[in-house]
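Listed below are the residues making up each chain.
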Amino acid sequence: MKYHEKVQHSAAYIQEKLGKIQAGSIALVTGTGLGGLTDAIENPASLSYAEIPEFPVSTVASHAGRLITGTIDGVPVIAMHGRFHLYEGFSAHEATHAIRTMGELGVRTLILTNAAGALNPSFATGSPMLIEDHINLTGTTPLRGENNDAWGERFPDMCTVYNPRLRQLAVDKALALGLRLERGVYIQIMGPNMETPAETRMYRALGADAIGMSTCMEAIAARHMGMRLLAFSCLTNKNLPDCMQEASLEQVIAQAEKSSTAMTALIKAILKEI
Ligand code: HPA
């Protein structure tokens, strides 16, 4: 079976089990420690990734692996609780299978969240960062290989990956909520190892404000399909090359969970006017 047929197979199963995805549904991807956002879903119906044909199964214990549909304050949503990372051994195609499945289901708007390390020394741990642009430093892309013209063009433009109107809406809502919202460039590395001080210095010099191990793959696949995109990092730790401190997974999860109330409030406010 060709890759796009596998994606269509997953989409057909989801539609059969959860019904037709409502027009105008917003897709959400919850990062490490940010799954709490899915608790806000009213009238939820869900599927485990393991039962969806052709779906990869996430191996990260901190990522649940469920697809959930429902509404948040009346807005129809389809949420991925748990995502797929290159460091788990997935190819860029596999890591974006679920995003493309949502595209096949008719989703036109996607909100991505992740946990990330702050590289910008002026950023505060615990704050959300609006991703304004990204650097894909993984050495791969989900667009490698044969292009499926039905999804998008061979050489898609990446001038504006993150939708300017949605970004402005995020800034306005953060202001209205009295939330500190950083703005910056996210860099994706392959992981799973964290960065050395020398690498951290280099990533900062390259122009990145936050670093993580997800999101660029998903953003590229979603833009290829013409989706509107909005993305946030929860800054769980701060990486300063001259005084590097260990950032354990426990610390990353604990900080993301602590910050998830603010992130949930911000996303709920955005959804009302999206
Ligand atoms: N580096 C890479 N990925 C991360 C980090 C980090 O410091 N924090 C959370 N995810």
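Because the structure is predicted, anything quoted here is derived from the model rather than measured. (Residues numbered from 1 in each chain as written. Predicted model: local features only at pLDDT ≥ 70, side-chain atom pairs only at ≥ 80, totals over all residues. Heavy atoms only, no water.)

Another point: helix α6 (residues 216-224). Burial analysis of α6 places 8 of its 9 residues in the buried class, which makes it a mostly covered element. Looking only at α6, the buried set comprises Cys 216, Met 217, Glu 218, Ala 219, Ile 220, Ala 221, Ala 222 and His 224. (Buried < 20%, exposed > 50% of the residue type's maximum accessible area, 1.4 Å probe, protein only. Helix = DSSP H or I, 4+ residues; strand = E, 2+ residues; numbered from the N terminus.)

The next thing to look at is the layout of surface pockets. Space left empty within the atom packing is revealed by a probe, the size of a water molecule, rolled over the atoms. By volume, the second largest pocket amounts to about 200 Å³. Residue lining of the second largest pocket: 14 residues in total, with Tyr 3, His 4, Glu 146, Asn 147 and Asn 148 positioned closest to the centre. (1 Å grid on protein atoms, 1.4 Å probe; cavity = no way out; pocket = protein on both sides within 12 Å on 5 of 7 lines; lining within 4 Å. Points joined across faces, edges and corners; volume = space filled by probe spheres on them.)

On to the site of the ligand, then. Close to the ligand lie Ala 115, Ala 116, Gly 117, Met 194, Glu 195, Ile 211, Gly 212, Met 213, Thr 236, Asn 237, Asn 239 and Val 252. Contact distances for the ligand include 3.4 Å between a nitrogen atom and a backbone N or O atom of Ala 115. Within the side chain of Asn 239, an N or O atom sits 2.9 Å from an oxygen atom of the ligand. Burial of the ligand by the protein chains amounts to 95% of its free accessible area of 260 Å². Of all the secondary structure elements, the ones that give two or more residues to the shell around the ligand are β5 (109-118), β8 (210-212) and β9 (228-238). Broken down by element, the residue count for the shell around the ligand peaks at 3 residues, all from β5. Broken down by class, the residue content of the shell around the ligand amounts to 6 nonpolar, 5 polar and 1 charged. (Near = heavy atom within 4 Å. Polar contact = N/O pair within 3.5 Å; in protein donor to acceptor, adjacent residues only side chain to side chain. Areas by Shrake-Rupley, 256 points an atom, 1.4 Å probe, with all protein chains shown as cover. Nonpolar A, V, L, I, M, F, W, Y, C, P; charged D, E, K, R; others polar.)

Moving on, we come to unusual backbone geometry. A cis amide bond, omega 0°, links Gly 191 with the succeeding residue Pro 192. Topologically, Pro 192 is positioned in the loop between β7 (182-188) and α5 (197-205). Positive phi, normally seen in glycine, also occurs at Asn 43, with a value near 45°. Inspection of the secondary structure puts Asn 43 in strand β2 (residues 42-48). In this structure, Thr 215 takes a positive phi of about 80° despite not being glycine. By relative accessible area, which is 1% here, Thr 215 ends up buried.

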